[in-house]
Amino acid sequence: MENLFASLPPAHYTNLMPTPLPAPYLVCASASAAALIGLDVTAISHPALLETFSGNRIPAGSTPVSAVYSGHQFGVWAGQLGDGRAITLGDAAAPGIAPGARLELQLKGAGLTPYSRMGDGRAVLRSSIREFLCSEAMAALGIPTTRALCVIGSDQIVMREQRETAAVATRMAPSFVRFGSFEHWFYNEKHDELKTLADYVIDQFYPQFKTAGNPYQALLTEVSLRTAHMIAHWQAVGFMHGVMNTDNMSILGLTLDYGPFGFMEAFNATHICNHTDQQGRYSYARQPQIGEWNCYALGQALLPLIGEVDETQAALRIYKPAYAEKFTELMRAKLGLQTQQADDGKLFDALFAVLQGSHADFTLFFRRLGAVQIDNAASWEPVRDLFIDRPAFDAWALQYGARLRLEHSDDAERQLAMHAVNPKYVLRNYLAQIAIEKAQNKDFSEVARLLQVLEKPFDEQVENEKYAALPPDWASDLEVSCSS
Ligand code: AMP
Ligand code: MG
């Protein structure tokens, strides 16, 4: 197994072996992720692969490495971080993507590395299942993301706030290089290494820029564009990452490092899904501007290569319009609008205001809205039921109905189009929690069931109706933090 990242000079990583995981057992695996690397998912439960994805057996020819990187955490320069518990085994051929494509296989929770700092190098079962389910759910929603192949559990005890057990999640992505990987070399004033890394990324993932007038400026432009698009997708589906530190930002514009993430339920623009983020830096409403802030941090790091401040700024200027354009496009689709009208922005703002005023469930709202018939008052009732402030909703519905009539919207066509973009099923915290609690008692069936539901988020799946339900009362005090 080749490892292209390990062809970089040794300063970029440390060669090391995963720490063996005692008595490993399969918790869950994704058939669609396995298919990307041409693997039959059932093979993962065979001893040889179980041992591989636990870190107990190294594939022939593999050079396992942990990468060094730095980053800004909560807006503050944090210095060196690095893969504190992740070890990349190497590249698997990914015929499921395209002939010749490759995916890096990375074990998360595979033991201590030189970058573990105060950590133990392990990941708990709870957070591994969350990352697994969310990666696969995001992929099924069509949102750029790293993938999750499987989670392997063990009875090994790991101490967090309470005693938990260890697990290893296998992630896959073309690359796990982060904004912070570039910041690392910039802040250490190692411009040779900075260039080596940028050339590697361009060579491998953006070869079209090799012949650009300024390849590094082209790189920054493209990464800013992809980041803006990724975050527009997050906003449109109500996804909150929770820890948008620059070390968690992918150079490929993929959603990366699932920790205290959440999906918006009762709509609140200032919602903070990460219990540790007291200032609300990474609240739902701030994600778009934080995405831009992070691109600026990357721009700063690439400045020595780009050469001119003006050219760096020119690259970064793409972010705001790219975000606005993508978000508007996604909102139009969510509302089933086929034409563009000058006042659409106002319609969206008014919608967010009424959602906010009633804390209506974000996912149910769009899904139910897809089923309304413009001139059938009774068909609006299920949507209306989600609002405490009915007059406010009615006022918005009037505007929306008029907007639909303006383009002679056809109820049946619109419903099809809206149901294809507004998911019925998202990874609500309480659903993950139920699956996790069962898994902690060695019953992995609910993780598998939930994965199956989330793999087809736009399908009605009448037999799985309960997975689309509002969170139960006990879920209101579920808290997620960085402790994972
Ligand atoms: P995160 O906020 O999870 O992205 O983690 C920030 C940094 O801390 C990364 O460099 C992680 O690799 C590292 N880290 C998080 N948890 C652990 C752990 N249990 N052991 C070692 N390093 C960790
Ligand atoms: Mg991280």
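Residues numbered from 1 in each chain as written. Chains lettered and ligands numbered in written order. Predicted model: local features only at pLDDT ≥ 70, side-chain atom pairs only at ≥ 80, totals over all residues. Heavy atoms only, no water.

Q: I'm lost on empty space enclosed by the protein in this one. Help?
A: Unoccupied space between atoms shows up once a probe the size of one water molecule is rolled over them. By the definition in use, this model includes three cavities of 30 Å³ or more. Its boundaries defined by the atoms lining it, the largest cavity holds a volume of some 140 Å³. Together, 17 residues line the largest cavity, and F5, A67, D83, F176 and V177 are the ones closest to its centre. Considering only residue class, the lining of the largest cavity consists of nine nonpolar, five polar and three charged. A domain split of the lining of the largest cavity shows at least three residues from each of domain 1 (5-176) and domain 2 (180-329). Taken together, R85, K108, A123, S127, S128, E131, A169, Y258, G259 and S484 make up the full set of residues lining the second largest cavity. Take the lining of the second largest cavity: its biggest share by element is three residues, from helix α3 (residues 125-140). Broken down by class, the residue content of the lining of the second largest cavity amounts to three nonpolar, four polar and three charged. (1 Å grid on protein atoms, 1.4 Å probe; cavity = no way out; pocket = protein on both sides within 12 Å on 5 of 7 lines; lining within 4 Å. Points joined across faces, edges and corners; volume = space filled by probe spheres on them. Nonpolar A, V, L, I, M, F, W, Y, C, P; charged D, E, K, R; others polar. Domains from an automatic or database assignment. Helix = DSSP H or I, 4+ residues; strand = E, 2+ residues; numbered from the N terminus.)

Q: I tried to follow the pattern of salt bridges on my own but got confused; where do I start?
A: Close approach of charged atoms lets side chains of opposite charge pair. A full pass over the atoms with the stated rule returns 28 salt bridges. E164 is the salt-bridge partner of R126, the closest N and O atoms lying 2.8 Å from each other. Pair noted here: R126 is in helix α3 and E164 is in strand β10 (residues 163-173), with a separation of 38 residues, a long-range link. Comparing R126 with E164, the two get one shared label, buried. The salt bridge partner of D344 is R332, with a shortest N-O separation of 2.7 Å. You can see D344 sitting in helix α10 (residues 344-358) and its partner R332 sitting in helix α9 (residues 319-334), a full twelve residues away along the chain. With respect to burial, D344 and R332 carry one shared label: buried. (Salt bridge = Lys/Arg side-chain N within 4 Å of Asp/Glu carboxyl O. Buried < 20%, exposed > 50% of the residue type's maximum accessible area, 1.4 Å probe, protein only.)

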